[in-house]
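This is what each chain is made of:
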Amino acid sequence: MSTYPARALVDLAAIRGNAAALAAHAPTAQVMAVVKADAYGHGLVPSATAALAGGATWLGAAQVPEALALRRAGIGARVLTWLYAPGAPLREAVEADVDLSVAAPWALDEVVAAARAAGRTARVHLKVDTGLGRNGLTPPDLGELLPAAMRAQAEGAVEVVGVWSHLAFADEPQHPTVRGQARVFADAVAAVEAAGAHLEVRHLANSAATLTTPDVHYDLVRPGLAVYGLSPVPQLGGPAAFGLVPAMTLEAELATVKRLPAGHGVSYAHQYVTTQDTWVGVVPIGYADGVPRHASGTQERPGGPVRVGGRTLGVAGRVCMDQVVVDLGPDAGERAGDRVELFGTGADGGPTAQDWADAAGTISYEIVTRVGARVPRVHVDSAAAGEGARVAAAGAAR
Ligand SMILES: *Cc1c(COP(=O)(O)O)cnc(C)c1O
């Protein structure tokens, strides 16, 4: 474990369990585990495989290359991909049996061309902007596109199998836009069916809606964050409240432990100054590894939390590119090589990705997805026995 001084342990048993919990939250729907952005930083293929083992039946990938990587790894489950620009490798996607979202007229044209070139039918999910104001066809644009989509279906180039959309306020379940978007969505589904599509899946719910708003589950739910065991609605409850277990533990070994006298500045610009003779520890992980610089600390306001032994200490001073410092106090017994944890399951009272999000003024999504490329993902399986429990996958994880 010492080739790299810091690593992200990813517990595949947690991902399996979270997928199962999400399936239980949405008993009338299938589960699409969203694995975009390297499975929110957890490692694409191992995470996708674990989510499928836990009961997900679809995978969601934002980008075409992510979907193709799943196929190259031998994963045969349904895969939807949705965010591409003109010129994307859609023919490869059709040949790889990947479902494609269509969110604009040009995209329909390119999917049809890709299907003709591949000599097979492309499965299409029409993306409707029901109010988010981001990607998707507005209802009038959908109306204009439908005749062309149905002509392409008649020709055999595409089959419209899905209608889908995304919520603006899923994390505020009582927000009136949730109901409003659901109404617009129902109208869009009706319009597409009236045009002659035989829909296989209608889908609207991300993690927050999967956990809090059953009436928008439809045929398929699309959780991402919750698959990795983090709460999309921290103001309503942490992971445990929803039966989820955080999968990622970010850990390191102390690189240096040394004495500093009272009144000594710590790290760049001496934003933190020791108040007594003390021991400080250098943790070899920094903002290049995804530790947010906004979670730097001062004496008045401790930085992001670091678990050292049984104690949780705030980062002392500025977060640097490769390292942070913690003030271990005058009686510290720690030594170089001791393990520290930046975040994990929180089960033992230790810090969580949500705590880091709070310290940095962001959301837990950003904490896990920004763990840097330099940090090896080590996939472990807490449900497996003995030596097999720890599968060293450093480097190969992505
Ligand atoms: C990322 C994403 C999701 C998953 O969102 P979470 O909040 O992580 O559950 C679902 N649908 C779309 C379109 C997305 O981009």
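All of these numbers come straight from a predicted model, not from anything done at the bench. (Residues numbered from 1 in each chain as written. Predicted model: local features only at pLDDT ≥ 70, side-chain atom pairs only at ≥ 80, totals over all residues. Heavy atoms only, no water.)

## Digging into the overall build of the chain
Okay, step 1: Broken down by element type, the chain carries eleven helices and 19 strands.
Okay, step 2: Rg of the C-alpha trace for the chain: 24 Å, near the compact-globule value of 21 Å for 398 residues, within the 12% margin.
Okay, step 3: In terms of its C-alpha atoms, the chain occupies a principal-axis envelope of roughly 80 × 45 × 35 Å.
Okay, step 4: Within the span of the chain, comprising 398 residues, buried residues form 55% of the whole.
Okay, step 5: Within the chain, residue pairs in contact and separated by at least 24 positions form 65% of the contacts whose partners lie at least 6 positions apart.
Okay, step 6: Surface summary for the chain: the accessible area is close to 16,100 Å², and the carbon and sulfur share equals 54%.
Okay, step 7: The distance from the centre of the 31 positive side-chain charges to the centre of the 38 negative ones in the chain is 3 Å. (Helix = DSSP H or I, 4+ residues; strand = E, 2+ residues; numbered from the N terminus. Rg over C-alpha atoms; globule rule 2.2 N^0.38 Å. Buried < 20%, exposed > 50% of the residue type's maximum accessible area, 1.4 Å probe, protein only. Contact = heavy atoms within 4.5 Å. Areas by Shrake-Rupley, 256 points an atom, 1.4 Å probe, with all protein chains shown as cover. Lys, Arg positive; Asp, Glu negative; His and termini not counted. Charge placed at Lys NZ, Arg CZ, Asp CG, Glu CD.)

## Some remarks on the environment of Ala 85
Okay, step 1: Residue position: Ala 85 is located in the loop between β4 (78–81) and α5 (90–95).
Okay, step 2: You can call Ala 85 partly exposed: its relative accessible area is 48%.
Okay, step 3: Sequence spacing of Ala 85 and Gly 243 is 158 residues, and the spatial spacing of their C-alpha atoms is 37 Å.

## Some remarks on the sheet that holds strand β17 (residues 324–329)
Okay, step 1: The sheet built from three strands is open, its strands ordered β11-β14-β17 with antiparallel pairing. Each edge of the sheet is formed by a strand with only one pairing partner; in this case those strands are β11 (256–260) and β17. For this sheet, the mean angle separating the axes of adjacent strands, direction not counted, is 30°.
Okay, step 2: Note: strand β14 (residues 278–283) against β17, five bridges, orientation antiparallel. Of the residues in β17, the one forming a bridge with Val 283 is Val 324. (Pairing = 2+ DSSP bridges. Axes fitted to C-alpha atoms, helices over the stretch in contact; angles between N-to-C directions.)

## Quick notes on the pattern of salt bridges
Okay, step 1: For the structure on display, the rule yields 18 salt bridges.
Okay, step 2: Between Glu 95 and Arg 91 there is a salt bridge whose closest N-O contact spans 2.8 Å. Placement of both Glu 95 and Arg 91 in helix α5 is noted, with a separation of four residues, approximately one turn of the helix.
Okay, step 3: Notably, a salt bridge pairs Asp 289 with Arg 374, separated by 2.8 Å at the nearest N-O pair. (Salt bridge = Lys/Arg side-chain N within 4 Å of Asp/Glu carboxyl O.)

## Focus on unusual backbone geometry
Okay, step 1: The phi dihedral of Tyr 218 falls on the positive side, at around 50°, and the residue is not glycine.
Okay, step 2: Structurally, Tyr 218 can be placed in the loop between α9 (207–212) and β9 (220–221).
Okay, step 3: Phi is positive for Ser 267, which is not a glycine, with a value near 65°.

## Examining the domain arrangement of the chain
Size of an interface: often given as the accessible area lost when the parts come together.
Okay, step 1: Examined at the domain level, the chain breaks down into domain 1 (12–229) and domain 2 (248–397).
Okay, step 2: Inter-centroid distance (C-alpha atoms) of domain 1 to domain 2 is 36 Å.
Okay, step 3: Tallying the contact residues gives ten residues for domain 1 and twelve residues for domain 2.
Okay, step 4: In total, domain 1 and domain 2 occlude about 1,000 Å² of area from one another, counting both sides; carbon and sulfur atoms represent 59% of this.
Okay, step 5: Where domain 1 packs against domain 2, one counts one salt bridge.
Okay, step 6: The partner of Arg 16 in a salt bridge is Asp 381, with the nearest N and O atoms 2.9 Å apart.
Okay, step 7: Connecting domain 1 to domain 2 are four residue pairs in polar contact (both at pLDDT 80 or more).
Okay, step 8: Breaking the side of domain 1 that touches domain 2 down by element, the ones donating at least two residues are α1 (12–25), α2 (36–41) and α3 (44–54).
Okay, step 9: With three residues, the top contributor of residues to the side of domain 1 that touches domain 2 is α1.
Okay, step 10: Split into classes, the residues belonging to the side of domain 1 that touches domain 2 amount to six nonpolar, three polar and one charged. (Domains from an automatic or database assignment. Buried area = accessible area lost by both parts, 1.4 Å probe. Polar contact = N/O pair within 3.5 Å; in protein donor to acceptor, adjacent residues only side chain to side chain. Nonpolar A, V, L, I, M, F, W, Y, C, P; charged D, E, K, R; others polar.)

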